[in-house]
Amino acid sequence: HELRYLFKVIHSSVDLAVLCSSVFRKKISDITPNQMTRLKTLFINQLLQAIDGKTILMDSHYVTKVDGKGYVPIIPQNYEAIFIYHIVLEADPETILQRRKIDFQPENQRNLDSISIKEEIQAEHSVAQKLASKTNTGFAVIRNDDISLASADILKIMERYKYEN
C-alpha cells in the first residue's frame, strides 16, 4: 500500500471575501452581524462539502475584523470540532505589511499598517490557542520568514495525518 497525503488547501480570508461579495454584494466590513453569521455558516457548509474524506489545510487567519466589534472568530462554534490541528504562521508585522502590499487586492480588505497587523497577529494567536485548548487538538506557531522552512515544519505536522490509499 502506498501512503499519500489527501488534503485540500483553503484560503479562508479570500474565500470569505469572495463569498460575501457574491451573496451580499458588499465588502465584509459593510455587512451586519446577522449577515456575518450567515456568511460564516455558508462558508463552513462549503468547506464541509469540499472535505470529501480529505484533511483540510485551511489558511483561516482565525479572525476577521468587523466594524464596531473588533476581531471576531471566523469559525462558527458548532464547527470547531472538525479541525484536528491549529497552526499559526507567524512573521513580524513589517514583513507581513510588505507581503500584503505586493499581494494587494481590493476585495481582500487586509490591514495595511503595522499596528493593526500586530493586533491581528495577537487575535489570531489567542483564538487559535483557545480553539486548540477547547477541542483538545494540536497547536503550533510556525515562523513564516522562509517558505521552505515553514513548509517543512507544516509537513512534519502533516506526517501524523496520512491516509492510506
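All figures in this text were calculated on a predicted structure; none of them were measured in a lab. (Residues numbered from 1 in each chain as written. Predicted model: local features only at pLDDT ≥ 70, side-chain atom pairs only at ≥ 80, totals over all residues. Heavy atoms only, no water.)

**With respect to the overall build of the protein chain**
Turning to step 1, where the next piece is worked out: What the protein chain contains, in helices and strands, is five helices and eight strands.
Turning to step 2, where the next piece is worked out: Here the protein chain holds 165 residues, and 39% of them are scored as buried.
Turning to step 3, where the next piece is worked out: Accessible surface computed for the protein chain: about 9900 Å², of which carbon and sulfur atoms make up 52%. (Helix = DSSP H or I, 4+ residues; strand = E, 2+ residues; numbered from the N terminus. Buried < 20%, exposed > 50% of the residue type's maximum accessible area, 1.4 Å probe, protein only. Areas by Shrake-Rupley, 256 points an atom, 1.4 Å probe, with all protein chains shown as cover.)

**Looking at helix H3 (residues 93-103)**
Turning to step 1, where the next piece is worked out: By the burial criterion, the buried members of H3 are Ile 96, Leu 97 and Arg 100. One side of H3 holds all its buried residues, which, seen down the axis, span an arc of 100°.
Turning to step 2, where the next piece is worked out: Lining the buried residues of H3 we find helix H4 (114-135). (Arc of directions from axis to C-beta. Contact = heavy atoms within 4.5 Å.)

**So, the nonpolar core**
Turning to step 1, where the next piece is worked out: Formed by 25 residues in total, the largest nonpolar core has its most connected members in Ile 28, Leu 39 and Tyr 62.
Turning to step 2, where the next piece is worked out: Those elements that provide at least two residues to this core are helix H1 (12-24), helix H2 (33-51), strand E4 (63-66) and H4.
Turning to step 3, where the next piece is worked out: Counting residues in each nonpolar core, the second largest holds six residues, with Ala 140, Ile 142, Ala 150 and Met 158 among its members. (Core = buried A, V, L, I, M, F, W, Y, C linked by side-chain atoms within 4.5 Å.)

**Focus on the environment of Phe 24**
Turning to step 1, where the next piece is worked out: Inspection of the secondary structure assignment puts Phe 24 in helix H1.
Turning to step 2, where the next piece is worked out: Along the primary structure Phe 24 and Gln 35 are separated by eleven residues, whereas in three dimensions their C-alpha atoms are 8.1 Å apart.
Turning to step 3, where the next piece is worked out: When sequence neighbours within four positions are dropped, the list of residues in contact with Phe 24 reads Ile 31, Gln 35, Arg 38 and Leu 39.

**Quick word on the confidence of the model for the protein chain**
Turning to step 1, where the next piece is worked out: Summing up the model confidence of the protein chain, the mean pLDDT is 76 and the portion of residues at 70 or higher is 76%.
Turning to step 2, where the next piece is worked out: Averaged pLDDT values over the elements of the protein chain bottom out at 44 in strand E8 (residues 163-164) and peak at 88 in strand E7 (residues 138-143). (pLDDT = per-residue confidence, 0-100.)

**Notes on H4**
Turning to step 1, where the next piece is worked out: With 22 residues, H4 extends 31 Å between its outermost C-alpha atoms, agreeing within 8% with the 32 Å of an ideal straight helix rising 1.5 Å per residue.
Turning to step 2, where the next piece is worked out: Restricting attention to buried positions, one finds in H4 the residues Ser 116, Ile 117, Glu 120, Ile 121, Ala 123, Glu 124, His 125, Val 127, Ala 128, Leu 131 and Ala 132.
Turning to step 3, where the next piece is worked out: Buried residues belonging to H4 abut E4, strand E5 (70-73), strand E6 (85-90), H3 and E7.
Turning to step 4, where the next piece is worked out: Among the residues trailing H4, Asn 136 stands out with phi positive, at a value near 55°. (Expected span 1.5 Å × (residues − 1).)

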